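# Notes for the structure review
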Amino acid sequence: MFFKPIFFRGGIHPGEKEITSEKKIEKMPEVGTYRVTTLQHIGVPAAVMVKVGDHVKKYQKIGKAQVKFSAFIHSPCSGKITQIKKINIRGREAEEITIENDFSGEEFERKGLRNFTPEKLQELVDDLGIVGLGGATFPTHIKLEGKLKTIIINGVECEPYLNADNRVMIESTYEILDGIEILMTTFDMEEGIIGIEENKVVAIEKMEQAVKGYSRIRVQKLPTIYPQGAEKQLIKALLKKEIKSFPMEIEAVTLNVGTILAIYRGVTYGTPIVERIVTVSGEGIENPKNLSIPIGTPVKDVLNYVGVKEDIVDKIIACGPMMGREIGETEVTSKGMNGILALGKEKFPPKLPCIRCGRCVDVCPMGLLPLEYDRLAKKGKYHQMEKEFSLSSCIKCGNCEYICPSQVPLMEAIFLGLEKGRDRDD
Ligand code: SF4
Ligand code: SF4
């Protein structure tokens, strides 16, 4: 059957994927010290389960999810806890656990799952600290609730530079398909759709070939347009349905390809999330790579490993250039960090006043008026951003700022509005 995906409104074509698209995933060598934080997910920080002086094994739990909306944290190495300190992660209190690696590789016992029931699988996913690895970091066990008919696998990865998901689809094709099959069988789902942007030619070829052995799963090519990978846009494109908040409204679940792979490895080997694939790229990187990096690795160690062209680097960005954020070298890798980019100065031309050209409005996939957020933020009228211009509908895709010819800092205005809009200002 010929399937015609529905286009969503707005969207842009930011390009620039090719630097690492053909680079095989490599393992980053172990480092001497890991600093693992207790807030790497949406929700409540995990509670520290260890104390200074304790010896921990690789895969051992070191942070406990005390409420449903949280995620367990595990040790990425065998070693000794040398420090536990309070830190602030984007305005939220959390803790950071420092582990000195003893390089013994001693592992905590892992157990996969043999008898599948929805409850047991959900419990395992929770226990292994699995969260959305596409960058959203939503605790996955919460998504596996209620009646589910359709599973949508997000292989879109629409931000420039990033190739973590692309490489996972090419290199772990059958593990992903088996992971989907396990979920579909356990939750008695009817249909599995893998959505992939059409610029990922090799991944599409491999998936289309492999999927022939899986009767309930199909691959759907999607137009290359940002933010095709955003949950609401993906569902609209594949199912022709609109959701208000969550896919479970339409008995669907959306999971990123990396998350599916984590579930497969969790079920099969009992492996928790202690590492993830990260694209380390940008014009300022000597040897751009797709790396499997232990969680809690200092960004400085990653940059030393790949080499940095200090003379041209202007900013280091975590995740993609559209939705990511500027970071310092003291930052550490986390479950949601799918990219580390060293970008040159030309990516950041000087900022000018808004000329009311309307381009930000044209590209907004949610039909919002981003220029108004800048105007209101400048006046401190944060409350009005929601009241008059529905700020909470913003999916923070960054399209508006990307397209703006004046480089108006629209995302800064949006984040300020979301943070401060809860208090009355007018
Ligand atoms: S794209 Fe930039 S300059 Fe144009 S209206 Fe929007 S904020 Fe103003
Ligand atoms: S206003 Fe929000 S949803 Fe619209 S383009 Fe900007 S960041 Fe994306």
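Throughout, a residue's number is its position along its own chain's written sequence, starting from 1. For this description, chains carry letters from A and ligands carry numbers from 1, given in the order in which they are written. Where local features are concerned, this predicted model is filtered to residues with pLDDT of at least 70; where side-chain atom pairs are given and counted, the filter is 80 or more; whole-chain, interface and lining totals use all residues. Just so you know, side-chain values use all the structure's heavy atoms and leave hydrogens and water out.

### Description of the sheet that holds strand E3 (residues 47–48)
Put simply, the rule reads: At least two DSSP bridges between two strands are required for those strands to pair. By definition, any uninterrupted DSSP run of H or I lasting at least four residues is a helix, any uninterrupted run of E lasting at least two residues is a strand, and each is numbered from the N terminus.
Read from one edge to the other, the open sheet built from 3 strands follows the order E3-E5-E6, with strand pairing classed as antiparallel. Of all the strands in the sheet, just E3 and strand E6 (73–74) have a single pairing partner and so form its edges. Summarising the sheet, E3 and strand E5 (residues 61–64) pair through 2 bridges and their orientation is antiparallel. Bridging from a neighbouring strand, Ala 47 pairs with Lys 64 of E5.

### Structural notes on the domain arrangement of the protein
Operational definition: How far each domain reaches was decided by an automatic or database domain assignment. When checking whether two residues touch, look at their non-hydrogen atoms; a contact exists if any pair is within 4.5 Å. Simply put, the buried area is the total loss of 1.4 Å probe accessible area from both parts when two parts are fitted together.
You can read the domains of the protein as domain 1 (28–107), domain 2 (111–269), domain 3 (274–348) and domain 4 (359–420). Domain 1 puts 10 residues into the contact, and the matching count from domain 2 is 12 residues. Where domain 1 abuts domain 2, roughly 890 Å² becomes buried across the two surfaces, and 59% of that area is made up of carbon and sulfur atoms. Per-residue buried area on domain 1 facing domain 2 is highest for Ile 42, Lys 68 and Phe 72; these three make up 48% of the total on that side.

### Overview of the site of ligand 2
Definition in use: To be near a molecule or strand, a residue needs just one of its heavy atoms within 4 Å of it. Any residue that is not Ala, Val, Leu, Ile, Met, Phe, Trp, Tyr, Cys, Pro, Asp, Glu, Lys or Arg is counted as polar, Gly included; the first ten are nonpolar and the last four charged.
Ligand 2 sits among 13 residues. The nearest are Cys 364, Cys 394, Cys 397, Gly 398 and Cys 400. Each residue belonging to the shell around ligand 2 can be placed in one class, and the counts come to 10 nonpolar, 2 polar and 1 charged.

### Points about the UniProt feature "binding site: [4Fe-4S] cluster 1" (unreviewed entry) in the protein
Formally: UniProt positions are given in the numbering used here, feature names are shortened, and annotations may be inferred rather than shown by experiment.
According to UniProt, the feature "binding site: [4Fe-4S] cluster 1" (unreviewed entry) maps to Cys 354, Cys 357, Cys 360 and Cys 404 in the numbering used here. With the annotated positions falling across 51 residues, the maximum pairwise C-alpha distance of 10.5 Å places them together in a single cluster. Apart from the residues within four sequence positions on either side, Cys 354 is in contact with Leu 371, Ser 406 and Val 408. As for its position among the elements, Cys 357 is in the loop between strand E17 (339–344) and helix H9 (359–363).

### Some details on the pattern of salt bridges
Selection rule: A carboxyl oxygen of Asp or Glu within 4 Å of a side-chain nitrogen of Lys or Arg is what we treat as a salt bridge. Per-residue accessibility, obtained with a 1.4 Å probe over protein chains only, is compared with the maximum for each type, and a residue is labelled buried under 20%, exposed over 50%, and partly exposed between these values.
The final tally for this structure, using the stated rule, is 21 salt bridges. Among the salt bridges present, the one from Lys 51 reaches Asp 54, with a minimum N-O distance of 3.2 Å. Judged by relative accessible area, which is 55%, Lys 51 ranks as exposed. Overall, Asp 54 belongs to the partly exposed group, its relative accessible area being 22%. Notably, a salt bridge pairs Lys 378 with Asp 374, separated by 2.8 Å at the nearest N-O pair. With Lys 378 and Asp 374 both in helix H10 (residues 370–378), this residue pair falls 4 residues apart, about one helical turn. Of the residues examined, Lys 378 reaches a relative accessible area of 64% and is grouped as exposed. With relative accessibility at 6%, the residue Asp 374 sits in the buried group.

### A few points about the site of ligand 1
For ligand 1, the full set of nearby residues is Cys 354, Ile 355, Arg 356, Cys 357, Gly 358, Cys 360, Leu 371, Cys 404, Pro 405, Ser 406 and Leu 410. Among the residues forming the shell around ligand 1, the class breakdown is 8 nonpolar, 2 polar and 1 charged.

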